[in-house]
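# Notes for the structure review
Here is how the chains run, residue by residue.
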Amino acid sequence: MPIKKEPKPKSLIKTLIKWLAFFFMAFSSTFLIASYFFLVELDKELPDIDQLQHVQYQMPLNIYSQDNLLIAQFGEKRRIPLAIGKIPDRQLKAFIAAEDDRFYKHNGVDFKGLARAIKQLALTGKKRQGGSTITMQVARNFLLSNEKTYLRKLKEIILALKIERQYSKDQILELYLNKIYMGQRAYGAAAAAQTYYGKDISELALHQQAMIAGLPKAPSIYNPITNPQRAMERRNYVLRRMLELQYIGQRDYELAINAADESVIQPIDVELPAPYIAEMVRQEIMSQYGETAYTLGLKVYTTVPSQLQMAADQALQQTLHEYDERHGYRGLPYKNTKKNNAQLEDNIIGDTRQALITAVSDSGVTAKLSDNTQINILWKNIEWAGAFREKNIRAGRFLKSNDIIWVRQLPEKEWALSQIPEAEAAFVALNPNNGAILALCGGFDFQHSKYNRATQSKRQPGSGFKPIIYTAALEKGFTAASIINDAPIVIEDPSLENDWRPVNYNRRFLGPTPLRVALRESINLVSIRLLQEIGISTAIDTAMRFGFDREQLPGTLSLALGSGYASPLKMASAYAVFANGGFLITPYLIERIEDHQGKTLFQASPPTACNDCPELDLGQNHRAPRAISAKINFLANSLLRDVVQRGTATQAKQLGRNDLAGKTGTTNEQRDAWFNGFATDIVASAWLGFDNSLPLGRGETGGKAALPMWIKFMKSVEQSFPEKPLLQPDGIVQAYINPADGLLLEPNQKGGIWEYFTEETVPTAASAPQAEEMIDEEHFPEEALF
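Residues numbered from 1 in each chain as written. Predicted model: local features only at pLDDT ≥ 70, side-chain atom pairs only at ≥ 80, totals over all residues. Heavy atoms only, no water.

Our next topic: the overall build of the protein chain. Summing up its helical and strand segments, the protein chain has 21 helices and 26 strands in all. The buried share of the protein chain, reckoned over its 786 residues, is 51%. Considering only intrachain contacts with a sequence separation of at least 6, the fraction spanning at least 24 residues in the protein chain is 69%. Within the structure as shown, the protein chain displays about 38400 Å² of accessible surface, and the carbon and sulfur contribution to it stands at 52%. (Helix = DSSP H or I, 4+ residues; strand = E, 2+ residues; numbered from the N terminus. Buried < 20%, exposed > 50% of the residue type's maximum accessible area, 1.4 Å probe, protein only. Contact = heavy atoms within 4.5 Å. Areas by Shrake-Rupley, 256 points an atom, 1.4 Å probe, with all protein chains shown as cover.)

Now for the pairing of strand β18 (residues 590-594). In this sheet, β18 lies alongside strand β5 (residues 299-302) in antiparallel orientation, the contact comprising four bridges. Following the sheet pairing, Lys299 is matched in β18 by Glu594. (Pairing = 2+ DSSP bridges.)

With that settled, consider the confidence of the model for the protein chain. Within the protein chain, residue pLDDT values average 87, and 85% of them lie at 70 or more. Throughout residues 771-786 the model reports pLDDT below 50, and contacts reaching past four residues in sequence, or to other chains, amount to 50 contacts. (pLDDT = per-residue confidence, 0-100.)

To continue, consider the sheet that holds strand β14 (residues 437-441). Within a sheet, each strand pairs with its neighbour through backbone hydrogen bonds, oriented either parallel or antiparallel. Spatially, the five strands line up as an open sheet ordered β14-β13-β22-β21-β20, and their pairing is antiparallel. Each end of this open sheet is capped by a strand with a single partner; those strands are β14 and β20 (661-666). Neighbour-to-neighbour, the strand axes of the sheet open up by a mean angle of 5 degrees, direction not taken into account. Here strand β13 (residues 424-430) pairs with β14 via four bridges, running antiparallel. Within β14, the residue paired with Leu430 across the bridge is Ile437. (Axes fitted to C-alpha atoms, helices over the stretch in contact; angles between N-to-C directions.)

What follows is about helix α16 (residues 524-534). Most of α16 is tucked away, with nine of its eleven residues classed as buried. Within α16, burial applies to Asn524, Leu525, Val526, Ser527, Ile528, Arg529, Leu530, Leu531 and Ile534. Once α16 ends, the next one or two residues include Gly535, with phi positive near 100 degrees.

In this structure, Phe427, Phe548, Ile682, Trp710 and Phe713 are the most contacted members of the largest nonpolar core, which totals 130 residues. If one sorts the elements of this core by residue count, helix α21 (residues 702-717) sits on top with nine residues. Setting aside its immediate chain neighbours within four residues, Phe713 contacts Leu308, Ala311, Ala312, Ala315, Phe427, Ala429, Ala439 and Ile682. (Core = buried A, V, L, I, M, F, W, Y, C linked by side-chain atoms within 4.5 Å.)

Moving on, we get to the pattern of salt bridges. This structure, assessed with the given rule, holds 31 salt bridges. A salt bridge links Glu475 to Arg545, with the shortest nitrogen-to-oxygen separation between them at 2.7 Å. Taken together, the residues Glu475 in helix α14 (residues 466-475) and Arg545 in helix α17 (residues 536-545) connect sequence positions 70 residues apart. Its salt-bridge partner being Asp642, residue Arg516 comes within 3.7 Å of it at the nearest N-O pair. One end of the pair, Arg516, is in helix α15 (residues 515-520); the other, Asp642, is in helix α20 (residues 630-646), with 126 residues separating them in the sequence. Assessed through its relative accessible area of 9%, Asp642 is described here as buried. Here the residues in one salt-bridge network are Arg516, Arg520, Glu521, Asp642, Arg646 and Glu755, joined through shared partners. (Salt bridge = Lys/Arg side-chain N within 4 Å of Asp/Glu carboxyl O.)

What follows is the structure in structure tokens.
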């Protein structure tokens, strides 16, 4: 038999290689095909890179005064977007040296860097190097999430390649430098420069530029505020890379690497502290835009000029201190048991702050503030407190070295012993012609109490409401010369334990009294009788034309004494009717809103008061509605000017103007003190009281407690509001009358006065001698008062 030959090993190997090659080719083809379809499907899921052309950076909400001073900033992200041409070249190079030194050479993916990252991962099992280019970071920050997965990295690479094909290197770098997180709520290079150094990015020194450039890698680790040592190491690394890449010379490198770091968190540069206004604007913008208001970069410009707001703040604080000091020094100062200022905090409330007494001498007290500034307090600025201590004990006997006291700086720059006022106050000033808010203070200090008394409080307006009653009477045919008997009244009401016996503040009765005298002297009983004459419903209808809501107005005779409720803002807007010729305006605070690029999104166009504007000039939508006629307004204005010239507000005559008008207001037991007044083109309301409605104390009337606030404010701002004459409208005439009965006298007769009337109400009968009337109690029908 023939012998079979064994196959040669070489042939077996060839066959095996062929099969392996076949399987490899098949596997490769399958892998490539699968990869292709995977990438095709993945590409469909990727976001559109065209959206990078219309990037909306998340920027905070900024609120400004009328004259462009920053009032407040709201939002977590601080960002100042800049075009790349505004960023210094050396700063650009610092970022490139730190993050991607081959940025201008690769096509979006640095495969060398990626290979190093893969090698590091294979050797250590840890992802210590991401291999991300600046372009890949742009793709991740703008288009992807921050999840750390291989799929996201693959998407990042694909997007980076796409971005590089569609955008220039400078466009990509600009996106990166405006978006990247830099720690401490700062996003972007410009915001980081402001946050850490309080400088424009163009003002940074080289060592500061390197510090900024080192942040994106790990803002929490390399933050110079929270981790200064690691931050310095990172900064110096960036400087070395800049030297190696020949971006800087040896001399610059040595100066920079030896420079100490000066970073410190910079507070928001608020130029006009007006927190009550800021909060009002914030709430309004939130109601329109929701939570996105904090990220859209909106710029809101208010109607408030900074000068008027500062004047209002100062007037309110000074007036509260004056009231507080009239009522005593409350107890001993804080006792500091330590022999240094360890317990002295930078505690500032309103215009008052804490200080540590370091010495007491014959000339006064020496103290130091929390920043170690030494101040001297003269005895004349302390004696107010000593007056309320035990008799014959000088103030120095209860002030000792090492005590902590409250102090404030007076307008003349001297320091004075002080305390935090227990009473509160509010102030509002408006442009009566269009309702623009010119100043608003809701309390002594917003941080101490965020309750905005200017807008949120419901206080009895007291006698400040009387001009509304008098206006209603004028419309009913009463005149400034109409006589009402100022005599006791008893109101019987079974629902009350005792009959209501209202009295005048001074407990005296004048008998028959002209309305002009009754208003300027704020006579309660005349107001009650006048309301009884015209009817409560008539008075309420008139008040509603002044902007009051029905729920604010009680349907009882107590309405004559201002027993309803109103906020200072409501009172100011009501008095604007008197100031502007008889038109009802609506207060507003926001003048315009701009987006982050300066495009106007909203411009206020308020209805405006105008006596002599043709309808076509303003248009129906821009003319404020009439509340009262020009003739009635003139008469009411005349009465309110008399309050200043001869009535309860004569203190205001110190301003030396003839156009001042207004009305003091004091409620039962002096629980509220008001002055609502106006001059040409400005109306303002001042209120002072306790939040819990405690009595202010004997003699603390509107003229004593609130009017000084109004006067202080007007002294500071009156030059911005030149005096104008009160123009007499058609239909108003003057007549020479006997003030005792309101009837005509011959011009040559003595004892008469000139009075204004409408043509319809001017008296026609001549005055005759009249017997003196007896003053007696009058009983009115049963009336529900409260």
